[in-house]
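Each chain, written out:
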Amino acid sequence: MEGVVVQVLNPLRVRALEEWLKTTSITLTQINGQRKYGGPPPDWRGPHPGPGCEVFISQIPRDVYEDQLIPLFLSVAPLYEFRLMMNFSGQNRGFAYAKYGTPAGATAAIQTLNHYQLQEGVRLVVRKSTEKRQLWLADLPASMGRGELLMVLRMLSDGVEGATIKAAGPKGKEVCALVHYSSHYAASMAKKVLVQGFKKQLGICISVRWMTSGSKSRQEEHLDQNPLNPPGLKPPVKPSPLPPRFQINRPTQLSNYLDPLPPPSLRPPPPPSLSPLNALLSPPPQYKQQFPQAVGSPGPQVRNGMAPVTAVRPPLSSHDAVSQLKWHCELYGIGVPLYDVRYHHTGPDGFLHFNYRVIIPQLPIPLCGSVQVLPGPSISSMEEEVQRATAEQVIKTMCQQS
């Protein structure tokens, strides 16, 4: 399997980051899926940032780190804080937040660095951060007052500025609260711990979500039913079907994870010379170079009724488990992997849990399991992250079964 699992980190970029940290004596702190600089930095002399001082940065290549990003955003104005979102592999998740001392600094960053060409063919997107600072707590005990609520909130989280108790429900018998935090970061950290904290400290189960202005439209409510759309992740404005890689046309016998296998008539037989599982774990066969038939070369030899597959291996620099799994499946003629992924729940640590089932046509049974990822800035980025984690897990499963 050594030839299938590729390194997910670019060693040159990692080494450059380490050398930059030694040279500059800058300290980065890893916490809850993000790596933070400053907040404030040691030599900070400016004002404490208020609303409108933070920018959201997207379209960051996965192997670009703070050694390139922090100097770039420092060139506009002094940085109060920089947060790069990270995943398990050590790659970044494609987006970051930069906070300046004043709204003017944030505006200058947008004007200067939006669509900045970081690499050939790669341009950053920089815009104002939404900086949501309010959480909506529901399912609170009817007897809980504002003072008791504030005491519990401040025990479990930092940056609580205030709370408003509100009656909800058809008869006003449900108790909810609108909680105000000093920053988006403080509210984000609180959102990760409050559900578990209330359960541990008070023995009650509450629900926590971001408080946004306006109510959901029917269109947004319909999009919330997307199996990859966990609660709290803002769906796109216009409804759009999932990409083809997540749309699976399969026999009705496979419509449920616990359904029996399809009848033999619906299962194509595996190649007799090499089992599909061993095919993925074996070195790729060496085919002779094939020339275009247009210049009179002989056609490809047919074995077992199938012509050899001439799949093009993706470059190792892509570090993409999805492409690597697809390439091996196509190479051995066992079909393109089909992904069926559904959101399951959000853990107390903020990670989103998904159940997956990957169908490879020539394998007798689907490959099922679960993965967990951190929330992303959009549905499309979540789909990419979940599918990448699923492909990596499928490859590991095949290694264990070989």
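Higher on the page you've got the structure.
So, a few notes on the structure that sits alongside this text. Predicted, not measured: the structure shown is a model, and the values here were computed from it.

Running from N to C, helix H4 (residues 146–156) and helix H5 (residues 184–202) cross one another at 115 degrees; their axes reach a closest spacing of 10 Å. By the angle between their axes, H4 is roughly perpendicular relative to H5. Considering only the axes of H4 and H5, their crossing is right-handed. Contacts between H4 and H5 involve Leu149, Val152, Leu153, Met155 and Leu156 from the former and Val193, Leu194, Gly197, Phe198, Gln201 and Leu202 from the latter. When its residues are assigned to classes, the contact of H4 with H5 shows nine nonpolar, two polar and no charged.

For the rest of this paragraph, the subject is the nonpolar core. Counting 27 residues, the largest nonpolar core has Ile57, Phe73, Phe82 and Tyr100 as the members making the most contacts within it. When contributions to this core are tallied by element, the ones reaching two or more residues are helix H1 (11–24), strand S3 (54–58), helix H2 (66–74), strand S4 (79–86), strand S5 (92–100) and helix H3 (103–113). Sequence-distant contacts of phenylalanine 82, that is, excluding residues within four places in its chain, are made with Arg35, Lys36, Tyr37, Ile57, Glu66, Leu69, Ile70, Phe73, Ala96, Tyr97 and Ala98. By size, the runner-up hydrophobic cluster in this structure holds 26 residues, among which are Leu325, Phe354, Val358 and Val386.

To continue, consider the sheet that holds strand S8 (residues 125–128). Here six strands make up an open sheet; going across it, the order is S1-S2-S4-S5-S3-S8 and the pairing antiparallel. This sheet does not close on itself; its edge strands, each paired only once, are strand S1 (29–31) and S8. When strand polarity is set aside, the average angle formed by the axes of neighbouring strands in this sheet is 25 degrees. Note: S1 against strand S2 (residues 34–38), three bridges, orientation antiparallel. Bridged to threonine 29 within S2 is lysine 36. Here H2 sits on the sheet in contact with S2, S3, S4, S5 and S8, set at roughly 150 degrees to S4.

Before going further, it helps to examine the sheet that holds strand S9 (residues 134–140). Here we have four strands laid out as an open sheet, ordered S10-S11-S9-S12, and antiparallel in their pairing. In this open sheet, the two edge strands, each paired with only one partner strand, are strand S10 (160–168) and strand S12 (207–210). If you compare each strand with its neighbour and ignore which way they point, the axes differ by 20 degrees on average. In the sheet, S9 pairs with strand S11 (residues 174–181) via five bridges, with the strands oriented antiparallel. Note that in S11 the partner of leucine 135 across the bridge is valine 179. Across the face of the sheet, H4 comes into contact with S9, S10 and S11 while running at roughly 130 degrees to S10. The strands that H5 touches are S9, S11 and S12; relative to S12, the one it contacts most, it runs at about 165 degrees.

Analysis parameters
Residues numbered from 1 in each chain as written. Predicted model: local features only at pLDDT ≥ 70, side-chain atom pairs only at ≥ 80, totals over all residues. Heavy atoms only, no water. Axes fitted to C-alpha atoms, helices over the stretch in contact; angles between N-to-C directions. Helix = DSSP H or I, 4+ residues; strand = E, 2+ residues; numbered from the N terminus. Parallel < 35°, antiparallel > 145°, perpendicular 65-115°, else oblique. Left-handed = near helix turned anticlockwise from the far one by under 90°. Contact = heavy atoms within 4.5 Å. Nonpolar A, V, L, I, M, F, W, Y, C, P; charged D, E, K, R; others polar. Core = buried A, V, L, I, M, F, W, Y, C linked by side-chain atoms within 4.5 Å. Buried < 20%, exposed > 50% of the residue type's maximum accessible area, 1.4 Å probe, protein only. Pairing = 2+ DSSP bridges.

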